[in-house]
Amino acid sequence: MKINSVKHDNCLVIYINENEANFSKSDKFKELVFQEIDQGNLNIIISFKEVNYLDSSFLGAVVAILKHLIPLNGKLVLTQLNPDIKNLFELTRLDKVFNIEYDFSEALNVFK
């Protein structure tokens, strides 16, 4: 799983550097993000800029990350979703559950 993370003011930005976010990568991604949360990073932005395909397993991992953050009073913002992934969130009505900002600068403003 190719990701990199950068501390940005009071949040951690996680960039998914994969074309496909699928079953084979979902557990590792969830594990890596849980490690960041356990280290005290409770304000997280996940950038999907490089992702062209997202399957239900990876979507489940993102839901699990949100569920892990909520009791810790953490925040999760998703950003830079392509139109197909945006559609997936809308069809599953998860756009009502997640804070989705299509512009990266707007995602950063959530934590200001």
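Up top is the structure these notes are about.
Predicted model, so just to flag it, every value in this text is computed and none were measured.

Visitor: Which parts of the structure should I look at to understand the overall build of the protein chain?
Guide: When you go through the protein chain residue by residue, the secondary structure sums to 4 helices and 7 strands. Mapped in sequence order, the helices and strands of the protein chain form the string β-β-β-α-β-β-α-β-α-β-α. In terms of C-alpha radius of gyration, the protein chain reaches 13 Å, essentially the compact-globule figure of 13 Å for 112 residues. Taken along its principal axes, the extent of the C-alpha atoms in the protein chain is 30 × 25 × 25 Å. The long-range share in the protein chain, meaning contacts at least 24 apart out of those at least 6 apart in sequence, stands at 69%. In the form shown here, the protein chain has an accessible surface area of approximately 6100 Å², with 48% of it arising from carbon and sulfur atoms. Across the protein chain, 12 positive and 15 negative side-chain charges occur, with their mean positions spaced 3 Å apart.

Visitor: I would appreciate a short explanation of the packing of aromatic side chains in the present structure.
Guide: How two aromatic rings sit relative to each other is set out by the distance from centre to centre and by the angle between their planes. Under the definition given, this model contains 3 aromatic pairs. A ring pair is formed by Phe89 and Phe98, whose centres lie 5.7 Å apart and whose planes are at 85°; its orientation type is edge-to-face. A single burial state applies to Phe89 and to Phe98, both of which are buried. Directly above the ring of Tyr102 sits Lys86, whose terminal nitrogen or CZ lies 5.5 Å from the centroid.

Visitor: I keep staring at the packing of helix H1 (residues 23-38) against helix H2 (residues 56-69) and nothing clicks. Help me out?
Guide: When two helices pack together, their arrangement is given by the angle between their axes and by how far apart the axes lie. Running from amino to carboxyl end, H1 crosses H2 at an angle of 15°, the nearest separation of the two axes being 8 Å. The orientation of H1 relative to H2 falls into the category roughly parallel. The two elements H1 and H2 cross, and the hand of that crossing is right-handed. When H1 is examined against H2, the residues Phe23, Lys25, Ser26, Phe29, Lys30, Val33, Phe34, Ile37 and Asp38 are found in contact with a partner set consisting of Ser57, Phe58, Ala61, Val62, Ala64, Ile65, His68 and Leu69. Class assignment of the residues belonging to the contact of H1 with H2 gives a composition of 11 nonpolar, 3 polar and 3 charged.

Visitor: I would appreciate a short explanation of the environment of Ser26 in the present structure.
Guide: With respect to the secondary-structure elements, Ser26 resides in helix H1. Along the backbone, Ser26 and Ser56 are 30 residues apart, and their C-alpha atoms lie at a distance of 9.4 Å. When near neighbours in sequence (up to four residues on either side) are disregarded, Ser26 contacts Ser57, Phe58 and Ala61.

What counts and how
Note on numbering: residues in each chain are counted from 1, in written sequence order. Note on the predicted model: pLDDT of at least 70 is required for a residue's local features to be given, and 80 or more for side-chain atom pairs to be given and counted; whole-chain, interface and lining totals, by contrast, use all residues. With hydrogens and water stripped out, all remaining heavy atoms of the structure feed into the side-chain values. We count a stretch as a helix when DSSP gives it H or I for four or more residues in a row; a strand needs E for two or more, and each element gets its number in order from the N terminus. To get the radius of gyration, use the C-alpha atoms; to get the globule rule, take the number of residues to the power 0.38 and multiply by 2.2 Å. Contact definition: two residues touch when any of their heavy atoms are within 4.5 Å. The accessible surface values rely on the Shrake-Rupley method and a 1.4 Å probe; as for residues, cover is taken only from the protein chains in view. By the counting rule applied here, Lys and Arg register as positive and Asp and Glu as negative, while His and the ends of each chain are not counted. A charge is said to be at NZ when it belongs to Lys, at CZ for Arg, at CG for Asp and at CD for Glu. Only rings of Phe, Tyr and Trp enter the pairing, Trp through its six-membered ring, and a pair is recorded when the two centres are within 6.5 Å. The plane angle decides the type: under 30 degrees is stacked, over 60 is edge-to-face, the rest tilted. Note on classification: 1.4 Å probe, protein chains only; a residue is buried when its accessible area is under 20% of the maximum for its type, exposed when over 50%, partly exposed between these limits. The criterion is that NZ of a Lys, or CZ of an Arg, lies within 6 Å of the ring centre and within 35 degrees of the ring normal, and then a charge sits over that ring. Orientation is described by axes fitted as lines to C-alpha atoms, over the contacting stretch for helices, and by angles from 0 to 180 degrees between their N-to-C directions. Note that the term roughly parallel is reserved for angles under 35 degrees, roughly antiparallel for angles over 145, roughly perpendicular for angles of 65 to 115, and oblique for everything else. Note: crossing handedness is left-handed where the near helix turns anticlockwise from the far helix by less than a right angle, and right-handed where it turns clockwise. In this classification, the charged set is Asp, Glu, Lys and Arg, the nonpolar set is Ala, Val, Leu, Ile, Met, Phe, Trp, Tyr, Cys and Pro, and all remaining amino acids, among them Gly, are polar.

Functional significance is not addressed by these values, which are geometric in nature.
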